[in-house]
Amino acid sequence: MSSSGLQKAVVIGLKGDISLQRTPIPEPGPDDILVKIVTAAQNPSDWMAMQRGKVAGAILGCDFAGTVHCIGSAVPEGQRTIGERVAGFVLGADGPGTFAEYVAVPAHFIVPIPQSWSFEDASQLGLTPFTALQALYESIVGLPLPTNPTTDAIPILIYGASTSVGIFAVQFAKLAGLRVIATASRANFGLVKSIGADEIFDYKDPEMARQIKDTTRGRLEFAVDCIANEQTLRLVSDALSDDGGQVAAVLPGVSTRANVKVTFNLIYEWIGKDYDLPWEFRATSDHRERGERFANMFSDLIAQGKIKPGPVRVLPNGLAGVADGIQYMLDGKVSGQKLVYCIADTVE
Ligand SMILES: NC(=O)c1ccc[n+]([C@@H]2O[C@H](COP(=O)([O-])OP(=O)(O)OC[C@H]3O[C@@H](n4cnc5c(N)ncnc54)[C@H](OP(=O)(O)O)[C@@H]3O)[C@@H](O)[C@H]2O)c1
């Protein structure tokens, strides 16, 4: 650890601007570990937090991969080890974030990184796979788990399968034995096929909803909308059975159809801490228990080699490249890839 007690970090300013600054290295609480970050991945929630501009002085960034640097006094013996390779996420821009050299995180809610995964790939084992799990198993009720697959090949639509959330949702749904109907732009059909989708439709085709309804013979009851705007929720609703169904939406929204239930959850719930960005939320022991249970299941699937990383694109200049990365995302250029920063590449 730096003898000055300071670290480089990407800090949000009063006007929602960001700059590379020296800030205090976070102090881990008794139940936390301090992680020395090797790579950090970018999410749409980063630019959303900047535009919200609520917490000036907070550090941007949710996803991290790195090594355990020190362990809080109340962490059970043997739960974590110094030097262990770990990944996960925090509620960035609400205090300590991951576009930094260190982050303190709860010791129970992380994913151990297998040796076969690079830190670059592992930086995506945070916000988006957990969001995919929450969509499939909390927002939707009644789907089989990857650890207890069905033989029924129940169809599910993963709308926006080339998003980072979608790349993991397709894999979990496939492991669960479901028949995975996916949508993506044509350029990403190969990617979506390679992670296990059974059928892929072009979301830009005006006939998409009808084609999906045809291929599922009007029996589609479940969908994850990885975009969840007014237009996509209408398309997804149109593809579902006339009897209705359940849609997990990654952002708040409603269906155009009365018998289609749209449910939105926020993944930060699973960290088991309170937050008020942008919705006030008070964590319960249930949230913590659910987060830990799914983190353990996900960690096992990763360790067993059952989950593939999505494509990553490492941006130059480490933390000094974040402003460019945010602009790249705002320009709508992210397509089937995760933007990643290597902290050691940081230039000042
Ligand atoms: N609820 C939560 O707690 C939570 C947590 C994490 C993320 N989210 C939200 O989930 C959403 C997805 O996040 P992400 O990180 O997975 O996104 P991402 O990977 O950055 O999304 C990029 C992808 O979006 C696809 N796309 C853009 N417009 C589309 C459309 N109209 N229809 C279908 N696909 C479209 C593009 O597909 P093509 O290149 O193939 O065109 C591109 O591959 C974001 O809005 C994010 O804020 C919510």
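As recorded in an unreviewed UniProt entry, the chain goes by the name Chaperonin 10-like protein, listed as coming from Vararia minispora EC-137.

A few words on the overall build of the chain. Scanning the chain from terminus to terminus reveals 9 helices and 15 strands. For a compact globule of 348 residues, the expected C-alpha radius of gyration is about 20 Å, and the chain comes in at 20 Å, within 12% of that figure. The dimensions of the chain, computed from C-alpha atoms along their principal axes, are 65 × 45 × 35 Å. When each of the 348 residues of the chain is scored for burial, the buried share is 56%. Taking as baseline every contact in the chain between residues at least 6 positions apart, the subset at least 24 positions apart corresponds to 68%. Counting only carbon and sulfur atoms, one obtains 50% of the accessible surface of the chain, whose full area is about 14,500 Å². Considering the chain, the positive charge centre built from 30 side chains and the negative charge centre built from 38 side chains are found 4 Å apart.

Let's shift gears to the site of the ligand. Surrounding the ligand, one finds 26 residues, the nearest of these being S162, V165, S185, Y203 and S335. Within the side chain of S185, a nitrogen or oxygen atom sits 2.6 Å from an oxygen atom of the ligand. Backbone polar atom of V250 to a nitrogen atom of the ligand: 2.9 Å apart, as the coordinates give it. Within the complex, 86% of the 950 Å² of free accessible area of the ligand lies under protein. Where the shell around the ligand is concerned, the elements lending two or more residues are α1 (44–52), α3 (127–139) and α4 (164–175). Sorting elements by how many residues they give to the shell around the ligand places α3 first, with 3 residues.

This part covers the packing of aromatic side chains. Scanning all chains against the criterion turns up 11 aromatic pairs. Centre to centre, the rings of F172 and F298 are 5.6 Å apart; their planes meet at 75 degrees, and the pair counts as edge-to-face. Of this pair, F172 sits in helix α4 while F298 is found in helix α8 (residues 285–303), placing the two residues 126 residues apart along the sequence. Geometrically, the ring pair formed by W270 and F294 is stacked, given 4.8 Å between the ring centres and 15 degrees between the ring planes. Here W270, found in the loop between β13 (260–264) and α8, pairs with F294, found in helix α8; they are 24 residues apart in sequence, far enough to count as distant. Both residues of the pair, W270 and F294, count as buried. Grouping aromatic residues by their ring pairs yields a cluster made of F89, F109, F130, F168, F172, Y268 and F298.

With that out of the way, let us pick up unusual backbone geometry. Of note in the backbone geometry, A93 takes a positive phi value of approximately 65 degrees without being a glycine. For A93, the location among the structural elements is in the loop between β5 (85–89) and β6 (102–106). You will see that A153, though not glycine, has its phi angle at about 50 degrees, which is positive. Following the sequence through the fold, A153 ends up in the loop between α3 and β8 (155–159). Using a relative accessible area of 38% as the deciding quantity, one classes A153 as partly exposed.

Okay, the side chain of Q7 next. Relative to the helices and strands, Q7 is located in strand β1 (residues 6–12). Residue classification places Q7 among the buried positions, given a relative accessible area of 1%. For Q7, the side chain forms a polar contact with the main-chain nitrogen of Y102, separated by 2.8 Å.

Cut-off values and rules
Residues numbered from 1 in each chain as written. Predicted model: local features only at pLDDT ≥ 70, side-chain atom pairs only at ≥ 80, totals over all residues. Heavy atoms only, no water. Helix = DSSP H or I, 4+ residues; strand = E, 2+ residues; numbered from the N terminus. Rg over C-alpha atoms; globule rule 2.2 N^0.38 Å. Buried < 20%, exposed > 50% of the residue type's maximum accessible area, 1.4 Å probe, protein only. Contact = heavy atoms within 4.5 Å. Areas by Shrake-Rupley, 256 points an atom, 1.4 Å probe, with all protein chains shown as cover. Lys, Arg positive; Asp, Glu negative; His and termini not counted. Charge placed at Lys NZ, Arg CZ, Asp CG, Glu CD. Near = heavy atom within 4 Å. Polar contact = N/O pair within 3.5 Å; in protein donor to acceptor, adjacent residues only side chain to side chain. Phe/Tyr/Trp six-rings, centres within 6.5 Å; stacked < 30°, edge-to-face > 60°.

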